[in-house]
There are 6 protein chains.
Amino acid sequence: MILLTRRVTFSASHYYWNETWTAEKNATVFGRCANRNGHGHNYTLEVTVAGEPDPVTGFVVDLKWLKDVMEQEVLAAFDHRHLNLEVSEFGQGKLIPTTENIAIVAWNRLEPAIKKAAGAQLSKVRVYESQEIFAEYRGGQ
Amino acid sequence: MILLTRRVTFSASHYYWNETWTAEKNATVFGRCANRNGHGHNYTLEVTVAGEPDPVTGFVVDLKWLKDVMEQEVLAAFDHRHLNLEVSEFGQGKLIPTTENIAIVAWNRLEPAIKKAAGAQLSKVRVYESQEIFAEYRGGQ
Amino acid sequence: MILLTRRVTFSASHYYWNETWTAEKNATVFGRCANRNGHGHNYTLEVTVAGEPDPVTGFVVDLKWLKDVMEQEVLAAFDHRHLNLEVSEFGQGKLIPTTENIAIVAWNRLEPAIKKAAGAQLSKVRVYESQEIFAEYRGGQ
Amino acid sequence: MILLTRRVTFSASHYYWNETWTAEKNATVFGRCANRNGHGHNYTLEVTVAGEPDPVTGFVVDLKWLKDVMEQEVLAAFDHRHLNLEVSEFGQGKLIPTTENIAIVAWNRLEPAIKKAAGAQLSKVRVYESQEIFAEYRGGQ
Amino acid sequence: MILLTRRVTFSASHYYWNETWTAEKNATVFGRCANRNGHGHNYTLEVTVAGEPDPVTGFVVDLKWLKDVMEQEVLAAFDHRHLNLEVSEFGQGKLIPTTENIAIVAWNRLEPAIKKAAGAQLSKVRVYESQEIFAEYRGGQ
Amino acid sequence: MILLTRRVTFSASHYYWNETWTAEKNATVFGRCANRNGHGHNYTLEVTVAGEPDPVTGFVVDLKWLKDVMEQEVLAAFDHRHLNLEVSEFGQGKLIPTTENIAIVAWNRLEPAIKKAAGAQLSKVRVYESQEIFAEYRGGQ
């Protein structure tokens with residue numbers, strides 16, 4: 001079993017805000033992240049698939065195909081976007097776009113598309129908000 | 001003469017938009033950066049001062065002091081902010097917050113504060129929007 | 001289950017020396033690391049907690065709180081210190097401050113403080129001595 | 001149990017080519033990687049061993065010894081070499097030197113040499129072809 | 001005056017060989033780099049242009065345009081290629097593809113295309129062979 | 001003219017202390033850096049030489065030779081050493097081993113050895129104490 005990983009980056013805005021709280025409570029809990037004008041990051045999305053290398057190609061999956069899946073399923077929706085305002089999973093305050101939740105949403109978008117590829121399965125999704133902070137999700141295990 | 005450099009990072013949102021243009025022209029010229037919801041980056045601000053090391057301390061400037069200046073003059077206004085909406089130099093479409101203009105604005109904010117410190121002068125300001133893109137300004141030379 | 005990670009850095013001195021050996025044996029086994037004047041590193045401490053994102057905040061833990069814990073439990077004792085001479089676990093030659101042992105000591109300092117936070121548990125501690133060398137500890141599993 | 005990791009880099013050429021296919025099919029599947037003149041990378045080899053720190057030295061393994069093993073078993077054969085033409089496991093089109101297969105071949109070369117060292121075992125081998133792509137192998141588990 | 005920089009990466013093979021020397025002399029001077037099967041690197045090409053930000057766009061140059069120029073003038077010829085065998089400037093042993101010469105050749109390819117862009121001029125080209133080695137060229141100054 | 005740069009790293013301890021001051025004044029000015037047990041860093045030494053590529057080799061200088069010079073002139077004295085206690089220029093409190101002064105001392109050690117190499121001259125020395133702080137010296141210009 002090989003774990004094969006592809007990294008891409010995207011730039012997005014977000015803020016942290018719980019619609020059921022007062023502005024004061026949002027400011028207390030979320031600090032500067034509660035600024036409703038938004039702030040942003042260069043995120044890194046790291047996707048790992050698990051499988052055996054195909055003896056014919058030497059590939060677990062074709063990395064060009066994997067990058068295309070990452071771009072279609074995640075970057076087309078997230079890159080150069082405001083996550084709270086433009087990504088459906090986070091819309092209307094449904095889900096706060098923390099690094100943790102971005103990793104879960106990315107997994108949920110990627111997993112069905114990767115499952116269709118014979119011989120490999122999504123193993124983990126890691127999202128870096130910065131060099132100091134990252135979250136990793138391995139599905140509902 | 002020694003060039004001494006301090007790096008800090010900040011997270012901010014921005015968009016590119018020329019108020020005198022149509023939405024179509026903005027989209028054509030600026031592409032995805034014209035999204036008015038904003039997108040964001042982890043910026044790196046790199047400030048270089050020039051001078052002789054003080055024989056008593058070995059310092060060109062005290063780097064803790066320099067970091068404080070960078071935080072007071074730039075990060076207090078830029079970090080976790082939307083540059084177009086919250087930084088006066090970029091407000092009301094006066095100036096588009098490209099990496100080039102962010103470097104010039106940071107210089108203009110830092111230069112007077114650093115000039116007051118005997119024995120050192122601001123030499124250059126470099127701003128990284130990402131690992132692939134950066135702008136450097138050395139004042140009105 | 002999400003794995004959420006925070007990185008910080010600290011600067012410290014250390015040397016490798018087994019008090020029960022001769023100087024010759026220390027020099028043979030530990031080479032340049034046996035220099036009793038000490039040498040130093042910029043260490044990176046990477047702490048990973050495991051848990052479910054709180055539906056109210058989107059956080060597994062508040063990362064500001066986690067950073068405070070890392071600073072109080074580890075950096076207050078290790079940063080800008082000589083590990084052999086100033087950190088109790090390594091004092092009087094009790095334990096050699098290799099990267100492996102630094103990771104274990106950091107775990108033992110962090111685990112009780114993190115256990116008190118409802119909903120998350122310490123999952124792993126990784127310590128980088130340099131970009132080429134790192135040790136990871138997951139507790140007494 | 002501690003996981004202790006050592007990183008080294010090497011520079012090598014390779015190409016992707018399946019001898020049983022036509023040139024057209026190779027070009028279709030492998031794209032620019034099918035160029036038989038070869039292209040190259042700065043690879044990073046990351047080797048992780050698992051064990052308990054020796055109470056006498058504080059080492060899981062002596063990292064100088066581990067680096068020597070990595071150089072003798074892998075870098076002596078791979079560094080500044082053309083993998084398809086000069087590394088026996090990949091010769092005569094036997095195995096395509098994808099990142100996945102390089103990780104497996106490195107494991108197979110390292111595992112017997114590390115097994116001889118009392119108290120530690122090879123835990124994983126990770127190979128980076130670039131900052132965007134890496135493969136990890138943990139043996140025939 | 002602003003210096004604006006764009007980085008891209010490419011993967012290529014090369015070797016060092018002086019056609020007028022014996023194999024022995026090539027091996028003595030160039031060591032492992034004289035292996036005629038070639039070895040390779042992930043190169044980073046860093047291109048800096050100098051100019052004033054256009055008051056209408058905030059751009060010294062459009063970075064998408066600059067990236068296109070870099071891809072057309074340099075990467076189309078260098079990426080996934082064997083520099084000695086496939087790049088005309090280095091062909092038939094005319095010029096040894098050292099990092100120094102790659103920087104000069106990249107400058108000579110980029111300078112005419114950038115000169116056509118009003119308001120900016122090529123300022124420097126930096127080529128990294130690895131994180132440890134890089135060469136910078138500023139034209140025939 | 002080409003600027004050719006080589007990077008190496010070294011690990012060292014140091015502290016900041018002015019022998020003519022009281023302990024209180026040292027603590028006030030130097031903060032945690034005044035701890036006389038020392039603390040340490042992974043320093044990066046970046047040496048740039050300027051010259052024309054030799055038409056016979058393509059080299060400004062042989063980078064293996066340059067690395068040897070850096071190791072003989074600087075690393076042999078600095079690596080795995082306590083700079084205040086073991087490097088003559090900093091001994092007996094003569095000079096405080098700030099990043100600025102380390103760059104000047106490294107220049108003074110390297111410049112005579114590089115001057116002997118025909119066709120190249122030392123252009124600049126840059127020393128990184130960390131990713132956030134670095135000093136650059138270009139000689140007594």
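A brief report on the enclosed structure follows.

**What to know about the relation of the copies chain F and chain C**
Stage number 1. For the pair chain F and chain C, the best superposition has an RMSD of 0.0 Å and corresponds to a rotation of 180° with a translation of 0.0 Å parallel to the axis. Expressed as an axis order, the relation between the two copies is that of a two-fold axis.
Stage number 2. Taken together, the interface assignments show that 100% of the residues at the interface of chain F recur at the interface of chain C, consistent with an identical surface on both copies.

**Thoughts on the interface of chain F and chain C**
Stage number 1. In this assembly, 20 residues from chain F lie in contact with 20 residues from chain C.
Stage number 2. Put simply, chain F and chain C have two salt bridges between them.
Stage number 3. Inspection of the chain F/chain C interface yields 20 residue pairs in polar contact (both at pLDDT 80 or more).
Stage number 4. Contributing elements (two or more residues each) for the side of chain F that touches chain C: β1 (2–14), β2 (39–51), β3 (81–82) and α3 (83–86) of chain F.
Stage number 5. In terms of residues, the side of chain F that touches chain C owes the most to one element, β2(F), which gives four residues.
Stage number 6. Looking at the side of chain F that touches chain C, its residues break down into three nonpolar, twelve polar and five charged.

**Some thoughts on the nonpolar core**
Stage number 1. Core analysis: the biggest nonpolar cluster contains 114 residues, and B:Leu45, B:Phe78, E:Leu45, E:Phe78, F:Leu45 and F:Phe78 have the highest contact counts within it.
Stage number 2. Once you skip the residues sitting within four places of it in the chain, B:Phe78 turns out to touch B:Phe10, B:Ser11, B:Ala12, B:Leu83, B:Val87, B:Phe90, B:Ile102, B:Val105 and B:Arg109.
Stage number 3. Listed in part, the 113 residues of the second largest apolar core include A:Ala12, A:Ile102, C:Val69 and D:Phe78.

**With respect to the layout of surface pockets**
Rolled over the atoms, a probe sized like a water molecule indicates the empty space that remains.
Stage number 1. There is about 1000 Å³ of room inside the second largest pocket.
Stage number 2. Considering the residues around the second largest pocket, the lining is formed by 40 residues, among which B:Leu3, B:Lys124, B:Arg138, E:Arg138 and F:Arg138 are closest to the centre.
Stage number 3. Elements represented by at least two residues in the lining of the second largest pocket include exactly β1 (2–14), β2 (39–51), β4 (120–128) and β5 (133–137) of chain B, β4 (120–128) and β5 (133–137) of chain E together with β4 (120–128) and β5 (133–137) of chain F.
Stage number 4. In terms of residue count, β4(B) provides more of the lining of the second largest pocket than any other element does, five residues in total.

**Remarks on the environment of A:Lys115**
Residue and element names in this part refer to chain A.
Stage number 1. Looking at where Lys115 falls in the secondary structure, it is placed in helix α4 (residues 99–115).
Stage number 2. Lys115 gets classed as exposed once you look at its relative accessible area, which sits at 59%.
Stage number 3. Distance from Lys115 to Thr20, taken between C-alpha atoms, is 37 Å for residues 95 residues apart in sequence.

**Brief notes about the packing of helix α2 (residues 63–78) of chain F against helix α4 (residues 99–115) of chain F**
All names here are of chain F.
Stage number 1. At a minimum axis distance of 10 Å, the contact between α2 and α4 shows a crossing angle of 135°. In terms of axis orientation, α2 runs oblique to α4. Of the two elements, α2 crosses α4, and the hand of that crossing is right-handed. When α2 is examined against α4, the residues Trp65, Leu66, Val69, Met70, Glu73, Val74, Ala77 and Phe78 are found in contact with a partner set consisting of Ile102, Val105, Ala106, Arg109, Leu110, Ala113 and Ile114.
Stage number 2. Here the residues of the contact of α2 with α4 sort into 13 nonpolar, no polar and two charged.

Analysis parameters
Residues numbered from 1 in each chain as written. Chains lettered and ligands numbered in written order. Predicted model: local features only at pLDDT ≥ 70, side-chain atom pairs only at ≥ 80, totals over all residues. Heavy atoms only, no water. Least-squares fit on C-alpha atoms with pLDDT ≥ 70 in both. Contact = heavy atoms within 4.5 Å. Salt bridge = Lys/Arg side-chain N within 4 Å of Asp/Glu carboxyl O. Polar contact = N/O pair within 3.5 Å; in protein donor to acceptor, adjacent residues only side chain to side chain. Helix = DSSP H or I, 4+ residues; strand = E, 2+ residues; numbered from the N terminus. Nonpolar A, V, L, I, M, F, W, Y, C, P; charged D, E, K, R; others polar. Core = buried A, V, L, I, M, F, W, Y, C linked by side-chain atoms within 4.5 Å. Buried < 20%, exposed > 50% of the residue type's maximum accessible area, 1.4 Å probe, protein only. 1 Å grid on protein atoms, 1.4 Å probe; cavity = no way out; pocket = protein on both sides within 12 Å on 5 of 7 lines; lining within 4 Å. Points joined across faces, edges and corners; volume = space filled by probe spheres on them. Axes fitted to C-alpha atoms, helices over the stretch in contact; angles between N-to-C directions. Parallel < 35°, antiparallel > 145°, perpendicular 65-115°, else oblique. Left-handed = near helix turned anticlockwise from the far one by under 90°.

From the geometry alone we can't say anything about function, so treat these as descriptive.
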